[in-house]
Amino acid sequence: MPTITSAGIGSNLDVESIIKAMVNVERVPISQLQTRTDGLKTQLSAYGKVQSALSALRDAASKLNNPDSWGANVASSSDATAVQVSAGGNNVAGTTIVTVSRLASAQSIASKPLAAAPASVGTGSLTIQLGKWNADQSAFTPKSGVSAITIDINPGDDQITQIRDKINAAKAGVVASIVTDASGPRLVMRSAETGESNGFRVTVADADGNPGDDQGLSALAFDPSAGITSATQNQAAANALATLNGQPVSTESNVLKDSIDGLTITLLKTTVSPTSTGEVTLNLAQDKEGIKKLVNDFVSAYNSLATLVRDQTKYDAATKTRGTLQGDSAVVGVQGQLRGLMAGSTSLAGAFGRLADIGLDPAADGSLKLNAGKLDKALAKLDDLKSFFMGLDVGNPDNDGFAQRVRRFADAALGSEGRISSRQKGLQDLISANGKRTEQLENRVELVEKRLRAQYTALDKNMGKLNGLSAYVSQQMAMLNR
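Residues numbered from 1 in each chain as written. Predicted model: local features only at pLDDT ≥ 70, side-chain atom pairs only at ≥ 80, totals over all residues. Heavy atoms only, no water.

Looking at this structure, how should I read the overall build of the protein?
Scanning the protein from terminus to terminus reveals nine helices and 20 strands. Relative to the compact-globule value of 23 Å for 482 residues, the protein shows a C-alpha radius of gyration of 44 Å, a clear excess of over 25%. By principal-axis analysis of the C-alpha atoms, the protein measures approximately 150 × 75 × 40 Å. Taken across its 482 residues, the protein has 38% of its residues classed as buried. The contacts in the protein between residues at least 6 apart in sequence include a share of 68% that link residues at least 24 apart. Carbon and sulfur atoms make up 51% of the accessible area of the protein, which totals about 25,600 Å². Here the protein carries 48 positive and 47 negative side-chain charges, and the mean point of each set is 13 Å from the other. (Helix = DSSP H or I, 4+ residues; strand = E, 2+ residues; numbered from the N terminus. Rg over C-alpha atoms; globule rule 2.2 N^0.38 Å. Buried < 20%, exposed > 50% of the residue type's maximum accessible area, 1.4 Å probe, protein only. Contact = heavy atoms within 4.5 Å. Areas by Shrake-Rupley, 256 points an atom, 1.4 Å probe, with all protein chains shown as cover. Lys, Arg positive; Asp, Glu negative; His and termini not counted. Charge placed at Lys NZ, Arg CZ, Asp CG, Glu CD.)

Would you take a moment to explain the side chain of Q107 for this structure?
Its place among the elements puts Q107 in the loop between β3 (94-102) and β4 (108-110). Looking at Q107, its side chain comes within polar contact range of the main-chain nitrogen of F200, at 2.8 Å. Setting aside anything within four residues of it in sequence, one finds Q107 in contact with W133, M189, R190, S191, G199, F200, F222, Q233, Q235, A236 and A237. (Polar contact = N/O pair within 3.5 Å; in protein donor to acceptor, adjacent residues only side chain to side chain.)

Would you explain the packing of aromatic side chains in this entry?
Geometrically, a pair of aromatic rings is defined through the distance of the ring centres and the angle of the planes. What the rule picks out here adds up to seven aromatic pairs. Arranged with centres 6.0 Å apart and planes meeting at 75°, the rings of F298 and F389 form a pair that is edge-to-face. Linking F298 in helix α4 (residues 288-313) with F389 in helix α7 (residues 382-390), this pair joins segments that are 91 residues apart in sequence. On the basis of relative accessibility, which here comes to 0%, the residue F298 falls in the buried class. A residue is classified by how much of its surface remains accessible, and F389, at 0% relative accessible area, is buried. Between F352 and F388, the ring centres sit 6.5 Å apart and the planes meet at 85°, which makes this aromatic pair edge-to-face. Residue F352 is located in the loop between α5 (329-342) and β19 (360-362), and its partner F388 is located in helix α7; the two are separated by 36 residues in the primary sequence. One exposure class covers both F352 and F388, and it is buried. Grouped by ring-pair contacts, the aromatic residues W70, F298, F352, F388, F389 and F402 constitute a single cluster. Positioned over the ring face of F402 is R405, at 4.6 Å from the centre of the ring. (Phe/Tyr/Trp six-rings, centres within 6.5 Å; stacked < 30°, edge-to-face > 60°. Lys NZ or Arg CZ within 6 Å of the ring centre and 35° of its normal.)

Please explain the packing of α4 against helix α6 (residues 372-379) as it appears in this structure.
Helix-helix packing: each pair is described by the crossing angle between the helix axes and the interaxial distance. Orientation of α4 relative to α6, taken along the N-to-C sense of each, is 135°, at an axis distance of 11 Å. With respect to α6, the axis of α4 lies oblique. Seen along the crossing, α4 lies across α6 with a hand that is right-handed. From α4, K288, I291, K292, V295 and N296 reach across to α6, where they touch L375, D376 and L379. By residue class, the composition of the contact of α4 with α6 is four nonpolar, one polar and three charged. (Axes fitted to C-alpha atoms, helices over the stretch in contact; angles between N-to-C directions. Parallel < 35°, antiparallel > 145°, perpendicular 65-115°, else oblique. Left-handed = near helix turned anticlockwise from the far one by under 90°. Nonpolar A, V, L, I, M, F, W, Y, C, P; charged D, E, K, R; others polar.)

How should I be thinking about the sheet that holds strand β15 (residues 263-267) in this particular structure?
Strands pair in a sheet through their backbones, by hydrogen bonds, and they do so in one of two ways: parallel or antiparallel. Overall, antiparallel pairing links the three strands, which are arranged β2-β15-β14 in an open sheet. Where the open sheet ends on each side, the last strands, each with one partner, are β2 (83-87) and β14 (255-256). The sheet contact formed by β14 and β15 spans two bridges and is antiparallel. Bridging from a neighbouring strand, V255 pairs with T266 of β15. (Pairing = 2+ DSSP bridges.)

Given below as structure tokens:
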């Protein structure tokens, strides 16, 4: 709301305008200080961008400085529809020949058609036991360390859907489902895992009939070793059979994680036939494309930083505009040191001494221009390229690999006592100091305004009295002149 005041009534002066003008004079230093503070904030923001770009360069250099980056391999398969392969760490480049004569499989059995829900299948109990069948299923060997699971089927939970759910909830190593055809619904049980040791038998204590018949709950029984085959086996549990470089391998899973160090081999289909040995070739080679990407990322990070610093420190004579950090000694120093690093050389990398030797050509504007052809040739000498980036010279750090130097430089510049961090702290301290000074000046202006109002209020009163006295004297003189 606008202030209601009677200042000036007694003196007939425009007191409010006079006070406002005098207060505005007092506020000039505050405006000047705010302008300087805005400039400092702009510089601080620019330094934040430089810090971010330098951090990105440090991260890119760190990846080229990581032994795991150079030890990574890439794997490929001559027939990925039959055998897939992926590489982990610590692999040795080479070739593996694989043949697959059988895939690992899970045992599967199916009941005869049963009564559909909500009708009852039968009550009693099912006992599921994992283990291994012999060739003609005349004998069963329980799986070591795994206990049989008994599932009670009581009145009220004896529908086919309820029995399926109870089997799955028991986690007995068997997965149950319902398959419906023209004959009706069947309960299908399948081993949760492949492999011959994950076969299973199902014995039944049937409250509605004899354990050996196929009525009631006994319709789910399967134990050929006891002559009980109420349920029908559709698939037997079996191990995968393959050869790796001619060595026979039997495995319960179609995923081979430990057969070849550092490789994960996935068998998808058989390859051996009466007319073919079905050999699939797996190749493991150094991941040159991965290294190439890291080098490209390094170049991109460096060029982004170089462009940012150049734009922030330049002076455009045509438009007479200057960059936010033009003339700033800290960032100019960073720019000069970086260019010095990029112009250096190393004797640790055999065929490569300078950046231009691997296709990273320094340009006049301080950036790096990538020569893809030269980089591809450098990738053919991966050991030399590795030393070029991450080599260490204990006696002369200036001879270290380029990734070592850049990372060390960035760590120092971004450290608590580094150029970037120190300058950011200095700017922040100035902004904080200006804030405190602004607060002091605002308090001073407030006091000045109070003092002016008190003075003009007193003037108004005195002028009012004098005006009243003048009017009285004028009145008296007029009466005397009659």
